[in-house]
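# Coordinate inspection notes
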Amino acid sequence: MKGKGYKLAVIAGEVSGDLLGADLVRALRPRLGGSLELIGVGGEALEAEGLTSLFDYSELSIMGFSQVLARLPKLLLRIRQAARAIIAARPDALLIIDSPDFTHRVARRVRTALPHLPVINYVCPSVWAWKPGRARRMRGYVDHVLAVLPFEPEVMRTLDGPPTTYVGHRLASDINVLAVRARQREKQQAERLQEPATCLLLPGSRGSEVSRLLPIFGEAVEELATRHQGMRFLLPTVPRQEQRVKELTASWKVQPEISVATDRKWEAFEKADAALAASGTVILELALAGIPVVSTYKADWLVSFLHTRIGIWTAALPNLIADFPVVPEYFNKMIRPAALTRWFERLSIDTPQRRAMLDGFAVVQERMATDRPPGDRAAEIVFDYLQGKKPGHL
């Protein structure tokens, strides 16, 4: 017999959230036994699952407080638009994914109008780093949090946040990441690390971070090329930043090998001996892939002004997961191209520094391991809410 048809509202604000949402929806459909209608905001992955996005979700891809302020009028308009559409559709549940500046404001409006609608938050806001009071306030409009970092359920318990379950991180089971890790392990065991090394450059996927970091990376590249003849520099980027990257690297004395295709990215990861990268999820991706890295971050002016209110000891996710320093970090005025040069030299060959980092990565990999894909566990919890059940902290 055909099951009941369900309607799920979903709000995803960035590419990563779109992919998470699509994975969850694919795992959810077989459990429902009937039709599943999607309404809300998302990108190509969710649209492939049947969503017709209310508007282009790339409008929500913002980074830093100053950018949020600059786009605030448009952001508020889209918040009202999304909330009105969801309220009118009267779905069986609302799934908000990451991008809390947008998704949580939508959820609060929807909860006011539909107080009994289950709201599930996929990707825990970084309450462990910034404004921990948000955790308790979330209880007013979020029924359950699906965490992608293993330490977050305990943090949410401590801060009296909503019930939270670690479902796993998509990168921990990504076939490309696992393939690169196997290749890197082979290279390490076969002692094939040798001069000249191959340097992976990852200045970020947003225009602001690319513009801030690439000039610094360029100075490090020039020094590395001078100190090590024949060194290769690989720079995979996303299509929307290709022109910016080419313009910013045009004057470099040593030209990096720029690529935008996904398969070329993974080829670059396999060839790399170590990396210089923008702080963010890519640092975790590199840790899971077994590629030593130096993390760098240049904040916008408002983050720099408010930095004393950020309450964590590190911004590198591998460090937080391991709970000890694994990846070296450089911020703002403390970023020195010469320091990046010397860190790369120590990480690209078999040294105590490289071995220590790889040992730290092994801890991260073990703590993030799950017995099934994140989308499957997340779908199970969403299914329970659709059925009227309420799982607790797990």
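Residues numbered from 1 in each chain as written. Predicted model: local features only at pLDDT ≥ 70, side-chain atom pairs only at ≥ 80, totals over all residues. Heavy atoms only, no water.

A word on the overall build of the protein chain. What the protein chain contains, in helices and strands, is 17 helices and 12 strands. Here the C-alpha atoms of the protein chain give a radius of gyration of 22 Å, agreeing with the 21 Å that 2.2 N^0.38 yields for 394 residues. Each principal axis of the C-alpha atoms in the protein chain carries an extent, and together these give about 65 × 45 × 40 Å. Looking at the protein chain residue by residue over its 394 residues, the buried ones come to 53%. Taking as baseline every contact in the protein chain between residues at least 6 positions apart, the subset at least 24 positions apart corresponds to 69%. Summed over its atoms, the accessible surface of the protein chain is roughly 17600 Å², and 52% of this surface lies on carbon and sulfur atoms. Positive and negative side-chain charges of the protein chain, numbering 52 and 43 respectively, have mean locations separated by a distance of 6 Å. (Helix = DSSP H or I, 4+ residues; strand = E, 2+ residues; numbered from the N terminus. Rg over C-alpha atoms; globule rule 2.2 N^0.38 Å. Buried < 20%, exposed > 50% of the residue type's maximum accessible area, 1.4 Å probe, protein only. Contact = heavy atoms within 4.5 Å. Areas by Shrake-Rupley, 256 points an atom, 1.4 Å probe, with all protein chains shown as cover. Lys, Arg positive; Asp, Glu negative; His and termini not counted. Charge placed at Lys NZ, Arg CZ, Asp CG, Glu CD.)

On to the side chain of Q365. Tracing the sequence through the fold places Q365 in helix α16 (residues 352-368). On the accessibility criterion, Q365 (16% relative accessible area) is buried. Reaching out from Q365, the side chain makes a polar contact with the backbone oxygen of A287 at a distance of 3.0 Å. Excluding its chain neighbours within four sequence positions, the residues that come into contact with Q365 are R181, R185, A287, L288 and G290. (Polar contact = N/O pair within 3.5 Å; in protein donor to acceptor, adjacent residues only side chain to side chain.)

Moving on to the sheet that holds strand β10 (residues 274-278). The strands that make up a sheet are held in pairs by hydrogen bonds between backbone atoms, and each pair lies either parallel or antiparallel. On the basis of which strands lie adjacent, the open sheet formed by six strands has the order β9-β8-β7-β10-β11-β12 and parallel pairing. Each end of this open sheet is capped by a strand with a single partner; those strands are β9 (257-259) and β12 (329-331). Across the sheet, the axes of successive neighbouring strands diverge by a mean angle of 20°, strand direction being ignored. Sheet analysis places strand β7 (residues 198-202) next to β10, joined by four bridges and oriented parallel. Residue pairing across strands places L202 opposite A277, the latter belonging to β10. Relative to β10, helix α12 (residues 281-289) is tilted by about 160°, and along the sheet it contacts β7, β10 and β11 (293-297). (Pairing = 2+ DSSP bridges. Axes fitted to C-alpha atoms, helices over the stretch in contact; angles between N-to-C directions.)

Glancing now at helix α8 (residues 175-189). If you check α8, its first and last C-alpha atoms are 21 Å apart, about what 15 residues at 1.5 Å a residue would give, namely 21 Å. Every buried residue of α8 is accounted for by V177, V180, R181, Q184 and K187. Seen from one end, α8 has its buried residues packed into an arc of 125°, which puts them on one side. Across α8 from its buried face, at more than 90 degrees, point the exposed residues I175 and Q189. (Expected span 1.5 Å × (residues − 1). Arc of directions from axis to C-beta.)

Where burial is concerned, the two faces of strand β5 (residues 144-147) agree: the one with H144 and L146 and the one with V145 and A147 are both buried. Here three bridges tie strand β4 (residues 119-122) to β5, and the two strands are oriented parallel to one another. Looking at the pairing, Y122 lines up with L146 of β5. Crossover handedness for the path β5 to helix α7 (residues 152-158) to strand β6 (residues 164-166): right-handed. (Right-handed = clockwise from strand over helix to strand, strands pointing away.)

Let us look at the sheet that holds strand β1 (residues 6-12). Strands sit in the order β2-β1-β3-β4-β5-β6 across an open sheet of six strands; the sheet is parallel. Each edge of the open sheet is held by one strand with a lone partner, namely β2 (36-41) and β6. Sheet twist, expressed as the mean angle between neighbouring strand axes with direction ignored, is 20°. In the sheet, β1 pairs with β2 via six bridges, with the strands oriented parallel. When the sheet's bridge partners are listed, Y6 is paired in β2 with L36.

This part is about the packing of aromatic side chains. Taken as a whole, this structure holds three aromatic pairs when the rule is applied. Between the aromatic rings of F55 and F102, the centroid separation amounts to 6.1 Å while the plane-to-plane angle is 85°, which identifies the pairing as edge-to-face. Here the residue F55 occupies a position in the loop between α2 (44-48) and α3 (65-70), and F102 occupies one in helix α5 (residues 100-113), the gap between them amounting to 47 residues. The interplanar angle of 65° and the centroid separation of 5.2 Å between the aromatic rings of W266 and F269 together place this pair among those described as edge-to-face. Placement of both W266 and F269 in helix α11 (residues 262-271) is noted, with a separation of three residues, approximately one turn of the helix. F269 carries the same exposure label as W266, and that label is buried. The ring of Y141 has R108 lying over it, and the distance from NZ or CZ to the ring centre is 5.3 Å. In this structure, K265 is placed above the aromatic ring of W266, and the distance from its NZ or CZ to the ring centre is 4.4 Å. (Phe/Tyr/Trp six-rings, centres within 6.5 Å; stacked < 30°, edge-to-face > 60°. Lys NZ or Arg CZ within 6 Å of the ring centre and 35° of its normal.)

Quick look at the pattern of salt bridges now. Between side chains of opposite charge, a pair can form when the charged atoms approach closely. Under the criterion given, the structure shown has 23 salt bridges. Between D376 and R31 there is a salt bridge; the shortest N-O distance is 3.1 Å. Taken as a pair, D376 in helix α17 (residues 374-386) and R31 in helix α1 (residues 15-32) lie far apart in primary sequence, 345 residues in all. Salt-bridge contacts for D350 lead to R355; the nearest nitrogen and oxygen are separated by 2.9 Å. Residues participating in the shared-partner salt-bridge network are R31, R372, D376, R377 and E380. (Salt bridge = Lys/Arg side-chain N within 4 Å of Asp/Glu carboxyl O.)

So, about the packing of α11 against α12. In contact at an axis separation of 11 Å, α11 and α12 are set at 60° when each is read in the N-to-C sense. As summarised for this structure, α11 and α12 are arranged oblique, according to the angle between their axes. Seen along the crossing, α11 lies across α12 with a hand that is right-handed. In contact with K265, W266 and F269 of α11, α12 contributes E285, L286 and A289. (Parallel < 35°, antiparallel > 145°, perpendicular 65-115°, else oblique. Left-handed = near helix turned anticlockwise from the far one by under 90°.)

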